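Here is how the chains run, residue by residue.
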Amino acid sequence: MIQTRIKKILVPMDGSATSFKALAQAIEIARTCQATILGINVISFLPAEFMPSVVPYKIYQKKEAGKFMEKAKLKAAKKGILFKYMIVYGNPVDQVINTAKSKKFDLIVIGARGKGRIAEVFLGSVSNAILHKSQIPVMIVK
């Protein structure tokens, strides 16, 4: 029953070990369900006081995101899974929720904690917000 329902999996990634664990879980689900995966990296906006350094920051962040997304694409390909990715700017929660809805994803698989500053203390604020705002199933991977 689940094999016929999950065809598109969204995996928010920030390059952290936990996001790669989420990818590994998504790959296993995709293999079982014959689904495809879209990795999404959202580069957050900087506060206004950092405006002089925004352009170099955006360039650096996009370059770094491209590196780990290509690594993720290779991991998926080795398991026979089609993995595409997108790198966008904005609020991570809003971008993930809007992408999941507009592109009609069946499942979001996200790491419990990312690279956030207080990642060790709480369930990641992004994963927690996505869990509560999503209208589709969310799997949180430790």
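Residues numbered from 1 in each chain as written. Predicted model: local features only at pLDDT ≥ 70, side-chain atom pairs only at ≥ 80, totals over all residues. Heavy atoms only, no water.

Participant: In this structure, what is going on with the nonpolar core? I would like to understand it.
Facilitator: It is characteristic of soluble globular proteins that their nonpolar side chains tend to be buried jointly. With 26 residues, the main nonpolar core has Ile9, Val11, Met13, Leu23, Ile37, Phe83 and Val109 as its most contacted residues. Contributions of two or more residues to this core are made by β1 (8–12), α2 (17–33), β2 (36–43), α3 (54–78), β3 (83–89) and β4 (107–111). For this core, the element with the highest residue contribution is α2, accounting for eight residues. Filtering out sequence-adjacent residues up to four positions away, Val109 remains in contact with Ile9, Leu10, Val11, Pro12, Ala22, Gln25, Ala26, Ile29, Met139 and Val141. Counting 14 residues, the second-largest nonpolar core is a separate cluster that includes Leu10, Val42, Val88 and Ile130. (Core = buried A, V, L, I, M, F, W, Y, C linked by side-chain atoms within 4.5 Å. Buried < 20%, exposed > 50% of the residue type's maximum accessible area, 1.4 Å probe, protein only. Helix = DSSP H or I, 4+ residues; strand = E, 2+ residues; numbered from the N terminus. Contact = heavy atoms within 4.5 Å.)

Participant: Help me out: how do you make sense of unusual backbone geometry in this one?
Facilitator: A negative phi holds for most residues other than glycine; trans holds for most peptide bonds. Here the phi dihedral of Gln34 falls at roughly 55 degrees; this positive angle occurs in a residue that is not glycine. Relative to the helices and strands, Gln34 is located in the loop between α2 and β2. Owing to a relative accessible area of 66%, Gln34 belongs among the exposed residues under this scheme. Positive phi, normally seen in glycine, also occurs at Lys104, with a value near 55 degrees. Positionally, Lys104 belongs in the loop between α4 (92–102) and β4.

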